[in-house]
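An overview of the molecular structure
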Amino acid sequence: MASGWASDDAVSEQIESSIADAVEHAKQQLNLNPNQQSSEFCEECGEPISEARRKALLGVRYCINCQQEFDKQQAKELNLYNRRGSKDSQLR
């Protein structure tokens, strides 16, 4: 049937791919190195990183404040728009 619309499978695959990309991006944004021990002090400002944060995020390198600033800068630099096309084009 040539209706000009994407099949349900194609739409599902696109959604799954977008979610996988978002998860990978989120992991990268945490600045974690899970193969290393968490830092006791922030690599940016030198303030102590709380024990709870170090335990929750293995390999954490930044305090919460510095991580938030880093996240803001990244949000400005990155366009999180789905680079595979607009929502309308995906559904056709």
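If you're wondering where the values come from, they're calculated on a predicted model, not measured in any experiment. (Residues numbered from 1 in each chain as written. Predicted model: local features only at pLDDT ≥ 70, side-chain atom pairs only at ≥ 80, totals over all residues. Heavy atoms only, no water.)

1. Remarks on the overall build of the chain
When you go through the chain residue by residue, the secondary structure sums to four helices and zero strands. If you list the helices and strands of the chain from N to C, you get α-α-α-α. Scored against the burial criterion, the 92 residues of the chain give a buried share of 18%. At a minimum sequence separation of 6, the contacts of the chain that also span at least 24 residues come to 49%. Here the chain has roughly 7,300 Å² of accessible surface; of this, 51% comes from carbon and sulfur atoms. (Helix = DSSP H or I, 4+ residues; strand = E, 2+ residues; numbered from the N terminus. Buried < 20%, exposed > 50% of the residue type's maximum accessible area, 1.4 Å probe, protein only. Contact = heavy atoms within 4.5 Å. Areas by Shrake-Rupley, 256 points an atom, 1.4 Å probe, with all protein chains shown as cover.)

2. A closer look at the confidence of the model for the chain
Per-residue pLDDT for the chain has a mean of 78; in total, 68% of the residues score no lower than 70. When mean pLDDT is compared element by element in the chain, helix 2 (residues 51-56) scores highest at 92, while helix 4 (residues 87-90) scores lowest at 54. (pLDDT = per-residue confidence, 0-100.)

3. Comments concerning a nonpolar patch on the surface
On the surface, a cluster of nonpolar side chains totalling about 260 Å² of accessible area is made up of Ile15, Ile19 and Val23. Accessibility expressed as a relative area gives 47% for Ile15, which makes it partly exposed. (Patch = residues over 30% accessible without salt bridge, like charges linked within 9 Å, V, L, I, M, F, W, Y side chains within 5 Å. Salt bridge = Lys/Arg side-chain N within 4 Å of Asp/Glu carboxyl O.)

4. Details of the pattern of salt bridges
Here the structure, examined in full by the defined rule, presents three salt bridges. With a shortest N-O distance of 3.0 Å, Glu51 and Lys55 are connected by a salt bridge. Placement of both Glu51 and Lys55 in helix 2 is noted, with a separation of four residues, approximately one turn of the helix. You can call Glu51 partly exposed: its relative accessible area is 47%.

5. So, the nonpolar core
In globular proteins that are soluble, nonpolar side chains generally tend to be buried together. Cys42, Ile49, Val60, Tyr62, Cys63 and Cys66 form the largest nonpolar core, which has six residues in total. Residue contacts for Cys63: discarding those within four places in its chain leaves Cys42, Cys45, Ile49 and Arg53. (Core = buried A, V, L, I, M, F, W, Y, C linked by side-chain atoms within 4.5 Å.)

6. Some remarks on a negative patch on the surface
On the surface, Asp8, Asp9, Glu13 and Glu16 cluster together into a patch of negative charge. The class for Asp9 is exposed, based on a relative accessible area of 57%. (Lys, Arg positive; Asp, Glu negative; His and termini not counted. Charge placed at Lys NZ, Arg CZ, Asp CG, Glu CD.)

7. Topic: the environment of Ile64
With respect to the secondary-structure elements, Ile64 resides in helix 3 (residues 64-77). With a relative accessible area of 46%, Ile64 lands in the partly exposed category. As a C-alpha pair, Ile64 and Arg53 span eleven residues in sequence and 8.4 Å in three-dimensional space.

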